[in-house]
There are 4 protein chains.
Amino acid sequence: MLKKIIGVMGPGSSASKTDLKNAYEIGAFCAKKGWVTLTGGRNKGVMNEALKGAKENNGLTIGVLPTDEKELFSDFLDIPIITNMSSGRNYINVLSSDIVIVCGIDSGTSSEISLAIKPGKKIILIGLYEEANTFYKKLAPEQILCVKNSKEAIDFLEKENDILRTLK
Amino acid sequence: MLKKIIGVMGPGSSASKTDLKNAYEIGAFCAKKGWVTLTGGRNKGVMNEALKGAKENNGLTIGVLPTDEKELFSDFLDIPIITNMSSGRNYINVLSSDIVIVCGIDSGTSSEISLAIKPGKKIILIGLYEEANTFYKKLAPEQILCVKNSKEAIDFLEKENDILRTLK
Amino acid sequence: MLKKIIGVMGPGSSASKTDLKNAYEIGAFCAKKGWVTLTGGRNKGVMNEALKGAKENNGLTIGVLPTDEKELFSDFLDIPIITNMSSGRNYINVLSSDIVIVCGIDSGTSSEISLAIKPGKKIILIGLYEEANTFYKKLAPEQILCVKNSKEAIDFLEKENDILRTLK
Amino acid sequence: MLKKIIGVMGPGSSASKTDLKNAYEIGAFCAKKGWVTLTGGRNKGVMNEALKGAKENNGLTIGVLPTDEKELFSDFLDIPIITNMSSGRNYINVLSSDIVIVCGIDSGTSSEISLAIKPGKKIILIGLYEEANTFYKKLAPEQILCVKNSKEAIDFLEKENDILRTLK
C-alpha cells in the first residue's frame, strides 16, 4: 500500500524562526497521522526541522538529497534518496509528494512551488510574504492555498483528508 | 572558444502574441550578434518563436528537449539536446545559458526563473505582469531586470555587452 | 538513523523464472533483517518480485520510478519516488543503495551495474551468464562479486554484515 | 534543419594512447563531414581528444558537462551544456547522439553503451578488449558493431551514411 507522503519545502540557511517552527509542527503532525515526511534532506533550515518534528514523533522520514556528501545529511533522516543532481532534485521532491507544504521562501523553494504546479499538486503556502502569495495565487489559483501558520495548514489537512486522499 | 549562449524562456501554448513577438525579436537579435539561441526546443510558444527568429537570421539554435518525441521538436532547431527528463530539463536550460531572457510567464517559466537564481544568472523579464515583476525583484534584486519589451532588453544586451561577457 | 537500503536490480519483462525467484528471496531476506528494499518500482520482472518478497515479509519497500504513471507502479510499493527521468533514474537507484544486488541482466540493468562502480558500491551479481561476469569482474574487480544463486548472496550478506555496515 | 550529431565516448584519465588517437581521428572525420561532435565535455581523455580533432578541423563541438566548474571544461568546446547531474548526464550524452562511437572503456563509458541500447542507438566499439566486445555483442547484437580502429569505424560511417541518416 502506498504510504501518504507529505513534502515539506522551505529555505535552508535563510529560514526564519517562524519558518522553522512551522516546519517542525508540520513534521510532527504528519508523524502522528502515520504519514511520511519528505524534504530536501539536508541538515539545515526547513528541511531539517520538518524531519526533526517527524522523527521526534516516531514518523518515517525521507530526504531527496542533492549530493552524496554524508556530512550534509540531516540527522533525522531514515531514508536518503541520493540524486547527485544539485537543484535538479527539486523536481523529484515535489513529484514524490502527495501534497506540498511550504514554510517560507527562497529561490530553491520558489522553484519547487513552480515545478509542483504542472503535475497538479495541491500546494499550501504557510506564512509567506504578501508578494509571494499574490504571485502564486495568480499563477495557479486552483492549486495554491495561502495560510498564516502551521495550525491553519493542519486544520486544512485534517478537514480535507478525503480530498487529499484523491490527490495521489 | 565557448560561444555566447542566450536562453530564451517563456510559455508554450499560453504565450500571448506579444510574448511571441518579443521571443522572435530576441532570437533574431542574438543571431545577428553571432550568439547562440537556446530554448526548451518544442514546436510551440516562446520556445519555437525564439528559435524561428534566430534561424531566419542565420543563427545557431539549440533546444534542450523534455522527451525524444520528434514530432514535438521545433522546425527551427539545429541541435536537439535530448534529456527524457520532462520538466527536470528546465534546470539544464538555465545552467547552460549565459543570460536568461524571459518572454511571458507560466509555471514552467517561473521554475526556470527560480532555478536560474542560485547559479547567479542575470535574468531579464520582458513584459511580465506586475505581480511577477514584484515577486522576482524581491526574491533576487541584483539578478532580475524588468523591462517592457524586447527593444529595452536588446538595448540592455547591447550596452551591457562587457558585463555580459563576464557573466559566463 | 539511516536505514540500511538494499538495491535489487534486474530485467523487467525479460527476467527468467530463476531471476524472479532470486529477487523474491533477496527481498524476503532484507525484510527479515529489517533492511529496506529499493528497486526501479515497476510492476514487472525483478523490480516487482523483490518488492513482493520484501512486502510479504513485512519489509519496507521503495521504488524509484521512471514516470508518474500509476498503472505501472508495483502493488508491493510503500514509497514511490517519482523522477519523470526515464532511464535517467537508474543512477539514483544505485546511488541510494548501500549495496546493489543484481538478478539477471538486460541493458537497463547493465547501466545500473556500470553506474554503481564509480560511487564505490559493492555489487553482487547473481546467476549472470559467464560473459557478463567476466566483463564486470575485469571492469571493477574489487567491487564485483559473482555468485550462483540467492542463497550464496544471502550467505555473503550475513557474513559480511560488518563490512556492509561500513559501506554506507 | 537538425544537424547530424556524433557522440564520442570513452575513458577520461585511464584512456590509452590508442584510445586518444582514435578519438581524435573520429572528431576530425566528423568535422570534415560537417557533422557535430558531442562528448562529455571535460578536458581529459577521449572527451577532450575528440573535441580537439573536431575543432582543429573547423567542426562544431558540444560537451554535456557533469558540473559547471569551468576549469574542467575542454578548451575545444563550442557549446557547453551544463547539467550539474554528475554521471546522470551520461544518459543525455547518448540520447542526444545520432550514433555513439566508443573509444576504449571504463565504468562511465560502459554505462553510456548500456544506456544507448534501449533508445535504439547504433553503437560502434573501437578497439575494446575481447571481453567487452563479447559482452555487448551478446547484450544487443543488432546495435553493436565492433571494429579494430578508427579507420574501420570511418569506413562504416562513410558506407552506411544512408542508413545513418535514417537512424535519427
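Residues numbered from 1 in each chain as written. Chains lettered and ligands numbered in written order. Predicted model: local features only at pLDDT ≥ 70, side-chain atom pairs only at ≥ 80, totals over all residues. Heavy atoms only, no water.

## Observations regarding helix α2 (residues 45–55) of chain A
What sets the pattern is the α-helix's 3.6 residues per turn: residues three or four places apart point alike.
Thinking step 1. Most of α2 of chain A is tucked away: nine of the eleven residues are buried.
Thinking step 2. The inward-facing, buried residues of α2 of chain A contact β1 (5–9), α1 (17–33), β2 (36–39), β3 (60–65), α3 (89–95) and β5 (99–103) of chain A. (Buried < 20%, exposed > 50% of the residue type's maximum accessible area, 1.4 Å probe, protein only. Helix = DSSP H or I, 4+ residues; strand = E, 2+ residues; numbered from the N terminus. Contact = heavy atoms within 4.5 Å.)

## Quick notes on the packing of aromatic side chains
Thinking step 1. Throughout the structure, instances matching the rule amount to 14 aromatic pairs over all chains.
Thinking step 2. Both rings, one in Phe 135 of chain B and one in Tyr 136 of chain B, keep their centres 4.9 Å apart while their planes meet at 65°; by these two values the pair is edge-to-face.
Thinking step 3. Here Phe 135 of chain B falls in the buried class, since its relative accessible area comes to 0%.
Thinking step 4. For Tyr 136 of chain B, a relative accessible area of 0% corresponds to the buried category.
Thinking step 5. Here Phe 29 of chain C and Trp 35 of chain C contribute two aromatic rings whose centre-to-centre distance is 5.6 Å and whose plane-to-plane angle is 85°, an arrangement assigned as edge-to-face.
Thinking step 6. A residue is classified by how much of its surface remains accessible, and Trp 35 of chain C, at 8% relative accessible area, is buried. (Phe/Tyr/Trp six-rings, centres within 6.5 Å; stacked < 30°, edge-to-face > 60°.)

## So, the interface of chain A and chain C
Thinking step 1. On the chain C side, the residues contacting the 24 residues of chain A number 24 residues.
Thinking step 2. A buried area of about 2,200 Å², summed over both sides, lies between chain A and chain C, and 67% of it is on carbon and sulfur atoms.
Thinking step 3. A per-residue breakdown of the area chain A buries against chain C is headed by Leu 2, Ile 81 and Leu 95 of chain A, which together make up 21% of the total.
Thinking step 4. At the surface where chain A touches chain C, the tally comes to zero salt bridges.
Thinking step 5. Taken together, chain A and chain C are joined by six residue pairs in polar contact (both at pLDDT 80 or more).
Thinking step 6. Of all the elements in the fold, those that place two or more residues in the side of chain A that touches chain C are β3, β4 (79–82) and α3 of chain A.
Thinking step 7. Of the residues forming the side of chain A that touches chain C, the biggest block, four residues, is contributed by β4 of chain A. (Buried area = accessible area lost by both parts, 1.4 Å probe. Salt bridge = Lys/Arg side-chain N within 4 Å of Asp/Glu carboxyl O. Polar contact = N/O pair within 3.5 Å; in protein donor to acceptor, adjacent residues only side chain to side chain.)

## What to know about the sheet that holds strand β7 (residues 144–147) of chain A
Residue and element names in this part refer to chain A.
Thinking step 1. Judged by pairing direction, the sheet is parallel, and its seven strands sit side by side in the order β4-β3-β2-β1-β5-β6-β7 without closing on themselves. Of all the strands in the sheet, the pair left with one neighbour each is β4 and β7. Across the sheet, the mean angle from the axis of one strand to that of its neighbour is 20°, orientation sign disregarded.
Thinking step 2. Of the pairings in the sheet, the one linking β1 to β5 comprises four bridges and is parallel in character. The residue of β5 that forms the bridge with Val 8 is Ile 101.
Thinking step 3. Packed onto the sheet, α1 meets β1, β2, β5 and β6 (123–126) and runs at close to 150° relative to β5.
Thinking step 4. Along the sheet, helix α5 (residues 130–139) makes contact with β6 and β7, crossing β7 at roughly 155°. (Pairing = 2+ DSSP bridges. Axes fitted to C-alpha atoms, helices over the stretch in contact; angles between N-to-C directions.)

## Overview of the relation of the copies chain A and chain C
Thinking step 1. Rotating chain A by 180° and moving it 0.0 Å along the rotation axis overlays it on chain C with an RMSD of 0.0 Å. Put plainly, the chains are arranged around a two-fold axis. Judged by C-alpha distance, Ile 81 of chain A is the residue of chain A that lies nearest the rotation axis, at 4.2 Å.
Thinking step 2. In this assembly, 100% of the residues forming the interface of chain A have copies in chain C that are likewise at the interface, indicating an isologous arrangement. (Least-squares fit on C-alpha atoms with pLDDT ≥ 70 in both.)

## Details of the sheet that holds strand β1 (residues 5–9) of chain C
Residue and element names in this part refer to chain C.
Thinking step 1. Read from one edge of the open sheet, seven strands run β4-β3-β2-β1-β5-β6-β7, paired in parallel fashion. This sheet does not close on itself; its edge strands, each paired only once, are β4 (79–82) and β7 (144–147). Each strand axis lies, on average, 20° off the axis of its neighbour in the sheet, ignoring direction.
Thinking step 2. Sheet topology places strand β2 (residues 36–39) next to strand β3 (residues 60–65); four bridges connect them, and they run parallel. Bridging across to β3, Thr 37 finds its partner in Thr 61.
Thinking step 3. Strands β1, β2, β3 and β5 (99–103) of the sheet are contacted by helix α2 (residues 45–55), whose axis makes an angle of about 165° with β2.
Thinking step 4. Contacts from helix α4 (residues 107–117) reach β1, β5, β6 (122–126) and β7, with the element oriented near 155° to β6.

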